[in-house]
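Architecture at a glance
Residues per chain, in single letters:
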Amino acid sequence: MAVGSPGEFSVLSENRGRVNWVYGGASGLSEVSNGGIGESSGSVFPNKRFGLSFAVGDLNGDGFDDLAIGAPGDRVSGDSLAGSISLIPGSLTGLNSFDEERVNLGSVRSEGGVDQAVEGAVAANDYFGSSLAIGDFDNDGLADLAAGIPGRTVDNAEDAGAVQFFDGAAADYLVSYADDEQWYARTAEIVRGMVSDLGKEYSGGAGSGKLFGWNENLEERHIASSTKILTLLLTVEAIEAGFVSLDDEVKVSQLAGETGGSKLNYFKLDDSLAPEKDADDKTIPFIAEGDTMPLRLLIAGMMNQSGNRCSVAIGEHVAFKVTGEDEGDELNFPILMNQRAAELGMTESVFGHPAFGGVTKPQDLITLQAECAKHPLFIELGGLETYRPAEYPAAVLCGTDIDGIAKCNGAFPKFMNIGVYPGRLAWKGGNGGGWFSGSQANGVPPRPDVPWCTESGVGFVNRLGRTLGIALMQTGSGAADAQNLFDYGFRKIFTPDWRATREFPQPGGLVGPEGPIRVSTFALDHIPGGWGVTALIDDDEDLRVNVWALDPDGGQILPSGAAARQYGLNGGAAFAPPRLVDMDAMTSGGGQVSEFFTGNLDGQHLDLSVWRVGDAP
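Residues numbered from 1 in each chain as written. Predicted model: local features only at pLDDT ≥ 70, side-chain atom pairs only at ≥ 80, totals over all residues. Heavy atoms only, no water.

1. Comments concerning the overall build of the protein chain
- Check the secondary structure of the protein chain and you find nine helices and 35 strands.
- By principal-axis analysis of the C-alpha atoms, the protein chain measures approximately 130 × 55 × 45 Å.
- When burial is assessed residue by residue, the protein chain has 48% of its 617 residues classed as buried.
- Put simply, of all contacts in the protein chain between residues at least 6 apart along the chain, 59% involve residues at least 24 apart.
- Within the structure as shown, the protein chain displays about 27,000 Å² of accessible surface, and the carbon and sulfur contribution to it stands at 52%. (Helix = DSSP H or I, 4+ residues; strand = E, 2+ residues; numbered from the N terminus. Buried < 20%, exposed > 50% of the residue type's maximum accessible area, 1.4 Å probe, protein only. Contact = heavy atoms within 4.5 Å. Areas by Shrake-Rupley, 256 points an atom, 1.4 Å probe, with all protein chains shown as cover.)

2. Description of the state of the cysteines
- This model, assessed by the stated rule, comprises one disulfide.
- Linked covalently through their sulfurs, Cys398 and Cys408 form a disulfide whose S-S length is 1.9 Å. With the S-S dihedral at roughly 110°, the linkage between Cys398 and Cys408 falls on the right-handed side. Taken as a pair, Cys398 in strand β22 (residues 398-400) and Cys408 in strand β23 (residues 406-408) lie far apart in primary sequence, ten residues in all.
- Free of any disulfide, Cys310 has its nearest neighbouring cysteine sulfur in Cys398, separated by 15 Å. (Disulfide = S-S within 2.5 Å.)

3. Considerations on the pattern of salt bridges
- By the definition in use, this model includes 23 salt bridges.
- As a salt-bridge pair, Glu237 and Arg340 come within 2.8 Å of each other at their nearest N and O atoms. On the criterion of sequence distance, the pair formed by Glu237 in helix α2 (residues 228-240) and Arg340 in helix α6 (residues 333-343) is long-range, its members being 103 residues apart. In terms of burial, Glu237 and Arg340 fall into one category: buried.
- Three or more residues joined by partner-sharing salt bridges are found here, namely Glu237, Arg340, Glu343, Glu371 and Lys374. (Salt bridge = Lys/Arg side-chain N within 4 Å of Asp/Glu carboxyl O.)

4. Side note on the side chain of Arg340
- On the basis of relative accessibility, which here comes to 15%, the residue Arg340 falls in the buried class.
- A polar atom in the side chain of Arg340 sits 2.8 Å from the side chain of Glu237. (Polar contact = N/O pair within 3.5 Å; in protein donor to acceptor, adjacent residues only side chain to side chain.)

5. Description of the packing of α2 against α6
- Between α2 and α6, whose axes approach to 10 Å, the crossing angle comes to 95°. The angle between α2 and α6 falls in the class roughly perpendicular. Residues Leu230, Thr231, Leu234 and Glu237 of α2 form the contact with α6, whose participating residues are Phe333, Leu336, Met337 and Arg340.
- Of the residues contributing to the contact of α2 with α6, the split by class is five nonpolar, one polar and two charged. (Axes fitted to C-alpha atoms, helices over the stretch in contact; angles between N-to-C directions. Parallel < 35°, antiparallel > 145°, perpendicular 65-115°, else oblique. Nonpolar A, V, L, I, M, F, W, Y, C, P; charged D, E, K, R; others polar.)

6. Digging into the packing of aromatic side chains
- Summed over the entire model, instances satisfying the criterion amount to 14 aromatic pairs.
- The interplanar angle of 85° and the centroid separation of 5.9 Å between the aromatic rings of Phe137 and Phe165 together place this pair among those described as edge-to-face. Of this pair, Phe137 sits in the loop between β10 (132-135) and β11 (144-149) while Phe165 sits in strand β12 (residues 162-168), and the two are 28 residues apart along the sequence.
- Phe165 gets classed as partly exposed once you look at its relative accessible area, which sits at 23%.
- Following the ring pairs from residue to residue traces out a cluster consisting of Phe267, Tyr387, Tyr392 and Phe412.
- The positively charged end of Arg109 is found above the aromatic ring belonging to Tyr173, 3.7 Å away from the centroid.
- Positioned above the aromatic ring of Trp427 is the side chain of Lys414, whose terminal nitrogen or guanidinium carbon lies 5.1 Å from the ring centre. (Phe/Tyr/Trp six-rings, centres within 6.5 Å; stacked < 30°, edge-to-face > 60°. Lys NZ or Arg CZ within 6 Å of the ring centre and 35° of its normal.)

7. As for the sheet that holds strand β16 (residues 221-222)
- The strand order across the open sheet formed by three strands is β16-β20-β19, and the pairing between neighbours is antiparallel. Both edges of this open sheet fall to β16 and β19 (350-353), since each of them pairs with a single strand only.
- Judged from the two bridges that link them, β16 and strand β20 (residues 357-360) form a sheet pairing that is antiparallel. Directly across from His222, in β20, lies its bridge partner Val359. (Pairing = 2+ DSSP bridges.)

8. Regarding a nonpolar patch on the surface
- A grouping of Met1, Val3 and Leu29 is seen on the molecular surface, where their side chains present a nonpolar patch of about 300 Å² in accessible area.
- Tracing the backbone shows Met1 in the segment before β1 (2-5).
- On the basis of relative accessible area, Met1 is assigned to the exposed category, the value being 55%. (Patch = residues over 30% accessible without salt bridge, like charges linked within 9 Å, V, L, I, M, F, W, Y side chains within 5 Å.)

9. Here's the deal with the nonpolar core
- Core analysis: the biggest nonpolar cluster contains 69 residues, and Phe378 and Tyr387 have the highest contact counts within it.
- Per element, the largest residue contribution to this core is eight residues, and it comes from α2.
- Setting aside residues up to four positions removed in sequence, Phe378 forms contacts with Ile229, Leu232, Leu233, Val236, Cys372, Gly383, Ala426 and Phe460.
- Core analysis: the second largest hydrophobic core is formed by 20 residues, Val103, Val118, Phe128 and Ile149 among them. (Core = buried A, V, L, I, M, F, W, Y, C linked by side-chain atoms within 4.5 Å.)

10. Observations regarding the confidence of the model for the protein chain
- Looking at the protein chain, the pLDDT average stands at 87 and 91% of residues meet or exceed 70.
- Counted against residues more than four places away or in other chains, residues 508-512, with its pLDDT under 50, gives five contacts. (pLDDT = per-residue confidence, 0-100.)

11. Some words on the environment of Tyr387
- Assignment of secondary structure puts Tyr387 in strand β21 (residues 386-387).
- The buried category is assigned to Tyr387, whose relative accessible area is 0%.
- Along the sequence, Tyr387 and Asn304 sit 83 residues apart, while their C-alpha atoms lie 7.9 Å from each other.
- Leaving out residues up to four positions away in the same chain, Tyr387 has contacts with Arg296, Leu297, Ala300, Asn304, Tyr392, Ala395, Val396, Leu397, Ala411 and Phe412.
- Among the polar contacts made by the side chain of Tyr387, one reaches the main-chain amide nitrogen of Val396 at a distance of 2.7 Å.

12. Focus on α2
- The end-to-end C-alpha separation of α2 is 18 Å, in line with the 18 Å expected for 13 residues at 1.5 Å each.
- Counting buried positions along α2 yields twelve of 13 residues, so the element is predominantly enclosed.
- Among all positions in α2, only Lys228, Ile229, Leu230, Thr231, Leu232, Leu233, Leu234, Thr235, Val236, Glu237, Ala238 and Ile239 are buried.
- Just downstream of α2 lies Gly242, where phi reads positive at about 90°. (Expected span 1.5 Å × (residues − 1).)

13. Points about the sheet that holds strand β25 (residues 424-432)
- With respect to topology, five strands assemble into an open sheet ordered β15-β14-β27-β26-β25, the strand pairing being antiparallel. Of all the strands in the sheet, just β15 (210-214) and β25 have a single pairing partner and so form its edges. Looking at each pair of strands side by side, their axes are set apart by 5° on average, direction ignored.
- Relative to strand β27 (residues 466-473), helix α7 (residues 362-372) is tilted by about 145°, and along the sheet it contacts β14 (192-197), β26 (453-463) and β27.
- The sheet contacts of helix α9 (residues 478-494) involve β14, β15, β26 and β27, and relative to β27 the element is tilted by about 145°.

14. Some details on the pairing of strand β33 (residues 581-585)
- Of the two faces of β33, the one holding Asp582 and Asp584 is buried and the one holding Val581, Met583 and Ala585 is not buried anywhere.
- In this sheet, strand β34 (residues 593-602) lies alongside β33 in antiparallel orientation, the contact comprising five bridges. Counterpart to Met583 in the pairing with β34 is Thr598.

The following block contains the structure:
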């Protein structure tokens, strides 16, 4: 039994706190077998309230319960009331306070030779550790730790609160900092979106192909795994330049093998595209430290299954080959990412991880896709819907493990982040996000203090020779929003815009010799320079020829008074039977915008119209 005394006083400070425990036995709790921790632990400050919260569970899987103790009033790095947690390992002889682990936001330590940090900077008045819970939250067989942070400021909202989750660790520590996550409730993020003509973006520069934008100028946001399109672009360019090959054998480093988040898992070998499961009905990661895998397979794992381990392995391989092949060059991929973004004019973007570390705005994502769409190999690898030899003969599904023993995967599908939109070429989505620490890679920029990604999406499709790209950030309905953006863009390009209209002759009046003329049949044509001509035969069998000034920008069809003629036809003259519609294409602007002069017979008068088909407003 553990008992907290958060208000316990010491000669050094009040409300410093203490936790005492009493061991049980066959005859119950023992007054003799007991222990505790308090004044000798951590910093000496008042109102630490050590023991205000605690939780019990086997965090490291050694068969003995461990004790987590919250001290929400602890001062950390000069920040008062920041809060901390003490972890006391259990053992055959009971709790061992001499091996206490102290955890606070921003803590950094080496785990397996790799520096890991607790997500989130320490801040005053967070009250980290105010509540604690231990349980197997991710169903991996190890207990995990959840810590309440009721005073946490989130998106400039004070006291919004958050919860920090730590994975249980089976090695040197009770919990791991590698994949900790901070969760918090917040108001719905504002969706940012854009659809653009990528051909015009590439030829005319950033923004020249914009068809629609929504909140695209708001503050930057994380894009999580949509970052992988930049990783693929750099890989494709390295292949084109001869630095690497799709057949390269890539060694999976410790850093890559320990990368958390989405993974390429084992898939069944029966070609069913179904993942393998273990005895606990859990998926089994395919990529592990020490594996050697073909680059082609890693790319498919990255783009189809959003494999983060694949992304890091790819980034290390490309960086090593491109930047010099010296020891340590494999850590240069963030440098390549930010250099390429700068070359493309992505002025509002910064990248810190090849798998899920990008902060940007929609226009920069459109600029990136305009470059990606130039490369046929990017489209081949980024739009492959199923990675199996039946659909993709070049598919390679085998590599070797750390011992050189062959390991093979089954065929696997691609996440359809933009749905099954017709003409789809390449796409990617993501949520969450992450960032390298400075010890994990070279040239890692500071991570911008902006919210993580709720859901992002990028992709480009081609219909009737026009390629449109979309960028979505903070959407709550990725596939639906993507399809709506594409629909809007293509409708704007291909649906006629009614620019001007005119009735001729004027409507109304009496029918007959004293009323307006009535049209029996007609024809029309255009004259280069913004002119149109109509010829009609009226019910008196007179031929009338009129010239019109056509002004689609001003929305007008104006008669040219000096260019109207009337000719009497010989009695019994033959003429074509009545026609209902005639149309002639006017001069178009560079193939992107087309304009048409049309007429249709409505009753016994003529409706003239000018239409624009294209994306010009």
